[in-house]
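# Observations on the three-dimensional arrangement
What follows is each chain in one-letter form.
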Amino acid sequence: MDKIFNSPLLPTNVYQICTKRTRFTGFKQPLAACCGYGGLPLNFDARIACGVTKILNGTLVTAGPCNNTAEYINWDGSHYTEAANQIVSTQILSGKYLDPPLPAKNFISHHTATCY
C-alpha cells in the first residue's frame, strides 16, 4: 500500500487532450455521450442512464449506445470511452505532461511495474 501513497499525482485535462487535434484523434462528437438519450449536441438526459428503457414525458425511450464508440470522447455523460482513454494514456506516457517532459519509459520498468 505504501507504493500507492508515494506515487506521483498527474492532474490531466482529458477533454483538452482529446480535442486538441481532432483530425488526428478521429473524434467526430466531442460533446455528445455515445450511450445516452436526447440527440445532439449532448445526447444526455440525467433522467435516464445508459442502457435503461423508461417512460419520459409519456413516451417509452431507451438510452442506447452509438454505432461507433471510436468517434466519441464521452461514453455516458460521466465516463470516457476506451478510445479517449487510449489517447490520453498514450499522451501521458509520452512524458509531454511532466515537468520537465520525460518519457515514462525512462522511469518505468515493464518487468517490475506493479498495477493496483
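Residues numbered from 1 in each chain as written. Predicted model: local features only at pLDDT ≥ 70, side-chain atom pairs only at ≥ 80, totals over all residues. Heavy atoms only, no water.

## Re a nonpolar patch on the surface
Where nonpolar side chains cluster on the molecular surface, the patch consists of Y15, L31, L42, F44 and Y80 and spans about 480 Å² of accessible area. Residue L31 is classed as partly exposed on the basis of its relative accessible area of 49%. (Patch = residues over 30% accessible without salt bridge, like charges linked within 9 Å, V, L, I, M, F, W, Y side chains within 5 Å. Areas by Shrake-Rupley, 256 points an atom, 1.4 Å probe, with all protein chains shown as cover. Salt bridge = Lys/Arg side-chain N within 4 Å of Asp/Glu carboxyl O. Buried < 20%, exposed > 50% of the residue type's maximum accessible area, 1.4 Å probe, protein only.)

## With respect to the environment of L56
Here L56 is to be found in strand β2 (residues 53–56). In contact with L56, other than residues within four places in its own chain, are Y37, D45, R47, I48 and V61. (Helix = DSSP H or I, 4+ residues; strand = E, 2+ residues; numbered from the N terminus. Contact = heavy atoms within 4.5 Å.)

## As for the pairing of β2
With four bridges connecting them, β2 and strand β3 (residues 59–62) associate as antiparallel partners. Of the residues in β3, the one forming a bridge with I55 is L60. Remark: two residues form the turn of the hairpin made by β2 and β3, two consecutive strands paired antiparallel; N57 in that turn has positive phi of roughly 50 degrees. (Pairing = 2+ DSSP bridges.)

## Side note on the pattern of salt bridges
Opposite charge on two side chains permits pairing when their charged atoms draw close. Within this structure, the stated rule accounts for two salt bridges. When the shortest N-O distance is used, the salt bridge between R47 and D45 registers 2.7 Å. Looking at R47, the relative accessible area reads 43%, which means it is partly exposed. For D45, a relative accessible area of 15% gives the class buried.

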